[in-house]
Amino acid sequence: MKETIKDKILAAIKASDKKSFSMEELAELLGFAKGEDFKVLVQTVATMEREKTIMFTKKGKIKLPPKEVLVEGLFRANERGFGFVSIEGEESDVYISKDHTGFALNGDTVKIDILQPANHIEDKTAEGKIVEIVERALTQVVGEFIPFTEEKSQETDLYGYVKPQDKKMSNYKIFIPAEGIKPVEGTIVVVEVTHYPEPEFPTALEGLVKQTVGHKNDPGMDILSIVMQHGIPTKFPDDVLTHADSVPDTISEEDIKKRRDCREQVLVTIDGADAKDLDDAVTVRRLQNGNYFLGVHIADVSHYVTEGSPMDIEAYERATSVYLTDRVIPMIPHRLSNGICSLNPKVPRLAMSCEMEIDETGHVVSYDIFESVIQTAERMTYTAVNEILEEEKPETINQYKELVPMFKEMGELHKILEGMRTERGAISFEDKEAKILVDEIGNPVEIQLRDRGLGERLIESFMLMANETVAKHFNSQKLPFIYRIHEQPKEDKMQRFFEFATNFGIMVKGTKEDISPKELQSALNQVKDKPEEAVINKMLLRSMQQAKYSEDPVGHYGLAADDYTHFTSPIRRYPDLIVHRLIKSYQTKPISDETKEKWQEHLPDIALHSSQMERRAVDAERDTDSLKKAEYMVDKVGQEFEGVIGSITKFGMFIELANTVEGLIHISKLPEYFQFVESHLALVGERSRTTYRIGQKVVIKVTKADPVTREIDFELISAEELAEKDKVDIQKRERRGGGRERGGRERDRQSRGKGKPSGRKQGRDTKQLKVKLNSKPKAHTDRDEKYSKSKKKKSKKPFYKEVAKKKGKKKK
């Protein structure tokens with residue numbers, strides 16, 4: 001193929017050591033210095049600049065444009081239109097403005113171009129533009145069906161549209177072609193997405209209704225919609241139920257063979273009064289040498305949920321039971337979780353056991369891990385154990401008089417174990433937990449605070465000890481295993497915590513790069529029982545990483561434990577089931593290379609999937625709580641309550657009431673302009689110097705409670721007066737906003753639904769690219785409005801492409 005002048009120009013520049021050329025230098029290099037040749041060269045260079053294959057420097061020299069640097073990551077959308085892209089291996093995210101999302105939806109894997117690198121001095125995040133959608137995360141949507149009129153349906157060939165329930169998709173509509181299931185108005189449906197947003201229709205999708213869930217006004221439909229929205233399965237497949245039905249209701253003598261018989265031991269289960277899946281039993285006794293014997297016996301679910309069986313495959317997919325306000329979505333069918341796998345009193349059950357001898361310093365001096373058969377003596381509740389150990393209620397003590405001595409020894413051992421964990425530096429976060437009580441049709445009637453008594457804490461101590469012992473054993477054996485890990489906090493978050501703690505006179509030893517949990521525990525001790533205790537606790541908790549599952553034994557930072565796993569809840573957590581399976585697979589000696597290779601291959605996937613499903617369950621639980629709390633506050637609008645400032649952002653402050661309900665006081669509702677001082681997490685009045693800080697007591701009035709958006713808004717009535725030392729001083733320049741972002745503009749940027757966040761996160765330090773940003777796309781009316789004005793023949797193409805085609809013909 002003949003080489004063109006363009007090819008010669010590009011080849012010459014690439015081959016040269018020089019980075020830029022004047023027109024004369026380029027002509028000399030190519031031999032185009034003569035009159036007519038030079039004219040052709042100039043014309044070609046001008047064309048190439050328009051095509052953006054070359055560019056001019058500020059001094060008028062010719063150079064190649066910088067290569068586009070594309071980075072792949074995960075897009076997290078905000079309901080206000082903008083979003084962030086998380087990049088693997090990077091601590092910080094890249095901000096994506098509303099105009100640069102490239103029609104990506106929440107969870108999509110995307111490629112981005114860095115428009116502006118992070119500015120570490122000004123503490124501004126990197127900004128990017130999505131240029132390619134690698135993989136769509138959204139394949140189905142749950143929402144309410146809105147039908148078109150018969151006339152409009154015939155005109156558009158659409159049944160109507162679905163309004164998504166996910167807040168991040170509140171600006172989108174999913175249009176339903178006139179085929180397949182036709183729901184009635186108000187039906188909650190599951191839609192399989194067939195077409196995604198594009199330039200002509202940026203807020204529209206298309207899909208087919210694959211399932212009707214029920215009517216939006218049906219009892220319990222609100223929570224079920226959240227469950228469906230998160231993709232959590234609500235029914236077990238037929239083959240799973242058939243497998244569950246084949247499991248016997250009792251254990252046989254054949255089951256007991258090769259197991260250690262522990263039925264003579266005095267064992268009890270201790271759980272909440274409403275628990276039905278009892279998966280752990282314990283016993284404690286004092287030994288003659290002064291040490292304690294602790295036996296932790298866990299339901300042997302792996303005996304019934306066999307590897308590769310229908311129940312196992314389904315349990316892997318679910319990975320965890322999901323506990324919502326008025327229901328539990330189990331990991332395995334109820335026939336097992338509440339039946340043969342539940343350690344019900346006075347009946348034999350198969351178990352996996354970890355027996356430990358613990359000295360008076362709380363350290364395990366010997367242990368044994370084995371398969372067993374047990375029989376519990378009593379089904380105890382936390383309430384009863386607390387009444388025995390804390391309240392010393394005579395009637396409860398008398399009812400369980402034969403077991404009381406063991407409970408006393410349990411209390412003693414718990415204090416030793418708790419002291420041992422404190423001594424090594426375990427960080428203890430005491431947070432309020434609430435239980436929402438609902439009536440028979442799901443309406444919230446009361447929010448009760450859960451009190452963690454000695455009964456709850458001692459069971460936690462015993463489970464932690466068993467988990468550590470099992471993890472340490474298999475780590476020391478250097479065998480493939482699954483661990484529960486909690487990594488050290490990231491440097492940038494620790495730096496912010498250090499700066500925040502300094503404002504309260506707290507000095508933290510260690511560096512942001514390497515700080516021990518014991519030093520952080522010491523920081524919490526400095527504010528023990530002080531007004532700022534809750535504030536420091538909350539800030540430190542936010543600075544921590546999330547715990548997860550991993551095949552690598554990196555330890556558990558928050559517990560200050562070198563080795564940790566989940567062994568104690570196989571009824572409700574798949575990793576625990578895998579731990580039991582691993583224990584059994586390693587009981588045969590010698591352990592084959594084939595066994596080790598098998599688990600080395602499968603454990604990373606199990607760990608990753610289990611962590612992801614755990615996060616899904618937490619999100620569903622949080623959404624359900626937000627929904628029910630908003631419902632609970634609907635009839636409280638106009639009432640006043642006392643609360644404390646739980647968190648502060650640039651757009652306002654969130655107030656937490658005594659019952660854990662949280663609402664927003666938006667910055668626009670405050671009496672003057674308030675500046676957000678990030679280092680103190682405070683809002684400071686520009687004129688009055690009034691300061692609002694986390695932990696400050698306030699009185700609020702409820703102004704809005706919307707179950708649909710799950711938003712609660714408050715109005716500030718009064719606030720606790722801070723001591724002079726606790727107020728935040730702002731320099732004159734800061735109070736004026738540097739003259740650039742004063743008054744209305746700054747207030748508008750901070751108002752709900754507008755502007756971009758301040759960007760505390762720092763992005764990838766990539767070379768800044770000079771990019772001409774496209775102008776904002778013209779506003780479009782909803783595509784059903786546009787579509788109804790044109791007639792359409794049936795087509796297999798997405799209907800909106802047909803509309804665009806016809807619209808183009810009309811213009812001609």
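Here the residue numbers are simple positions, counted from 1 along each chain's written sequence. Since the coordinates come from a predicted model, pLDDT governs what is reported: local features require at least 70, and pairs of side-chain atoms require 80 or more to be given and counted, while whole-chain, interface and lining totals use all residues. The side-chain figures draw on all heavy atoms in the structure; neither hydrogens nor water molecules are used.

(A) Highlighting the overall build of the chain. Here a helix means four or more residues in a row that DSSP labels H or I, a strand means two or more in a row labelled E, and each is numbered from the N terminus. Looking only at helices and strands, one finds 22 helices and 33 strands in the chain. For the chain, with 812 residues in total, the buried portion stands at 47%. Within the chain, counting contacts between residues at least 6 apart in sequence, those at least 24 apart form 67% of the total. Entry remark: accessible area of the chain is about 41500 Å², with carbon and sulfur atoms responsible for 48%. Relative accessibility thresholds used throughout: buried, under 20% of the residue-type maximum; exposed, over 50%; partly exposed, between the two (1.4 Å probe, protein chains only). Contacts are assigned to residue pairs with any non-hydrogen atoms lying within 4.5 Å of each other. Accessibility throughout is a Shrake-Rupley quantity obtained with a 1.4 Å probe, and a residue counts as covered only by protein chains that appear here.

(B) Representation of unusual backbone geometry within the structure. Of note in the backbone geometry, Asp157 takes a positive phi value of approximately 60 degrees without being a glycine. Of note, Asp157 is situated in the loop between α4 (150-156) and β9 (158-164). The backbone phi angle of Lys258 is positive, close to 70 degrees, even though this residue is not glycine. Note that Lys258 resides in the loop between α7 (253-256) and β13 (260-261). The exposure class assigned to Lys258 is exposed, which follows from its relative accessible area of 86%.

(C) Spotlight on the sheet that holds strand β12 (residues 204-215). Taken in spatial order, the five strands of this closed barrel run β8-β9-β10-β12-β11, and their pairing is mixed. Averaged over all neighbouring strand pairs, the angle between strand axes comes to 50 degrees, with direction disregarded. For two strands to be treated as a pair, DSSP must find at least two bridges joining them. Looking at chain direction, strand β8 (residues 140-147) and β9 are connected through five bridges and run antiparallel. Directly across from Phe145, in β9, lies its bridge partner Val162. Each axis is a line fitted through C-alpha atoms, taken for helices only over the stretch in contact, and angles between the N-to-C directions span 0 to 180 degrees.

(D) Representation of the environment of Glu519 in the model. Within the secondary structure, Glu519 is located in helix α15 (residues 517-526). Considered as a pair, Glu519 and Met507 are 12 residues apart in the sequence and their alpha carbons are 9.8 Å apart. Setting aside residues up to four positions removed in sequence, Glu519 forms contacts with Val508 and Lys509.

(E) Structural context of the packing of helix α1 (residues 5-15) against helix α2 (residues 23-30). Where α1 contacts α2, the two axes come as close as 11 Å, and the packing angle between them is 100 degrees. Taken as axis vectors, α1 and α2 run roughly perpendicular relative to one another. The segment α1 lies against α2, with Lys8, Ile9, Ala12 and Ile13 engaging Leu26, Leu29 and Leu30. Classification used: nonpolar for Ala, Val, Leu, Ile, Met, Phe, Trp, Tyr, Cys and Pro, charged for Asp, Glu, Lys and Arg, polar for all others including Gly. Looking at the contact of α1 with α2 residue by residue, the class counts come to six nonpolar, no polar and one charged. In what follows, roughly perpendicular refers to angles from 65 to 115 degrees, roughly parallel to angles under 35, roughly antiparallel to angles over 145, and oblique to any angle outside these ranges.

(F) Local environment of the pattern of salt bridges. The salt bridge criterion pairs a side-chain nitrogen of Lys or Arg with a carboxyl oxygen of Asp or Glu, the two atoms within 4 Å. Tallied over the entire structure, the rule returns 42 salt bridges. The closest approach of N and O atoms between Glu25 and Lys18, which form a salt bridge, is 3.1 Å. Ionic pairing is found between Lys216 and Glu144, a salt bridge with its closest N-O pair at 3.0 Å. In this pair, Lys216 sits in the loop between β12 and α5 (221-229) while Glu144 sits in strand β8, placing the two residues 72 residues apart along the sequence. Each of Arg259, Asp300, Glu371 and Lys584 takes part in salt bridges that share partners, so that together they form one network.

(G) Summary view of the environment of Ile436. Checked against the element boundaries, Ile436 lands in strand β22 (residues 433-438). A relative accessible area of 7% places Ile436 in the buried class. For the pair Ile436 and Glu446, spaced 10 residues apart in sequence, the C-alpha separation works out to 6.0 Å. Apart from residues no more than four positions distant in its own chain, Ile436 is found in contact with Thr325, Pro444, Glu446, Ile447, Asp625, Lys628 and Lys629.

(H) Spotlight on the confidence of the model for the chain. As a per-residue measure, pLDDT tells how confident the predictor is, with possible values from 0 to 100. Per-residue confidence for the chain averages 85 on the pLDDT scale, and 88% of its residues sit at or above 70. The lowest-confidence element of the chain is helix α20 (residues 743-750), averaging 34 in pLDDT; the highest-confidence one is strand β16 (residues 292-299), averaging 98. Contacts of residues 732-812 to residues separated by more than four positions or lying in other chains number 155 contacts, the stretch itself having pLDDT below 50.

(I) Local environment of the side chain of Thr283. Note that Thr283 resides in strand β15 (residues 280-286). For Thr283, the side chain forms a polar contact with the main-chain oxygen of Val266, separated by 2.8 Å. In contact with Thr283, not counting residues within four places along its chain, are Gln265, Val266, Leu267, Phe293, Leu294, Gly295, Met406 and Met410. Polar contacts here mean pairs of N or O atoms no more than 3.5 Å apart (in protein, one a potential hydrogen donor and the other a potential acceptor; neighbouring residues in sequence count only if both atoms are side-chain atoms).

(J) Spatial organisation of the sheet that holds strand β29 (residues 674-677). The three strands are arranged β29-β30-β31 in an open sheet whose pairing can be described as antiparallel. Either end of the sheet is taken by a strand with one partner, and the two such strands are β29 and β31 (691-693). Strand after strand, the sheet turns through a mean of 20 degrees between neighbouring axes, direction not considered. With four bridges connecting them, β29 and strand β30 (residues 682-685) associate as antiparallel partners. Its bridge partner being in β30, Gln675 is matched across the sheet by Val684.

(K) Local environment of empty space enclosed by the protein. Here a cavity is any set of points on a 1 Å grid over the protein atoms alone where a 1.4 Å probe fits but cannot get out, and a pocket is any open set with protein on both sides within 12 Å along at least 5 of 7 lines; a residue lines the site when it has an atom within 4 Å of a point. Grid points are joined across faces, edges and corners, and a volume is the space filled by probe spheres set on the points. Taken as a whole and assessed by the stated rule, the structure comprises one cavity of 30 Å³ or more. Estimated volume of the largest cavity: approximately 50 Å³. In terms of lining residues, the largest cavity is bounded by Ile232, Pro233, Arg318, Thr320, Val322, Ile329, Pro330, Met613, Arg616 and Ala617. Here the lining of the largest cavity takes three residues from helix α18 (residues 593-633), the largest share from any one element. The class makeup of the residues in the lining of the largest cavity is seven nonpolar, one polar and two charged.

(L) Expanded view of the pairing of strand β26 (residues 640-649). Here β26 pairs with strand β32 (residues 697-706) via five bridges, running antiparallel. Pairing of Phe641 across the sheet is with Ile700, part of β32. Inspection of the sheet shows β26 paired to strand β27 (residues 652-657) by six bridges, in the antiparallel sense. Bridge pairing in β27 links Ile645 to Ile655. Counting the residues in the hairpin turn of β26 and β27 gives two residues.

(M) Structural context of the pairing of strand β11 (residues 187-195). Both β8 and β11 contribute to a ladder of five bridges, which runs antiparallel. Among the inter-strand pairings, Val141 is bridged to a residue of β11, identified as Val191. As paired strands, β11 and β12 are joined by eight bridges and run antiparallel to one another. If you follow Val189 over to β12, its bridge partner there is Thr212.

(N) A look at α5. Among the nine residues in α5, eight count as buried, and that is most of the element. Within α5, the full set of buried residues consists of Met221, Ile223, Leu224, Ser225, Ile226, Val227, Met228 and Gln229. Against the buried residues of α5 lie β8, β11, β12, β17 (322-324), β18 (327-329) and α18. Count one or two residues on from α5 and you reach Gly231, which has phi positive near 75 degrees.

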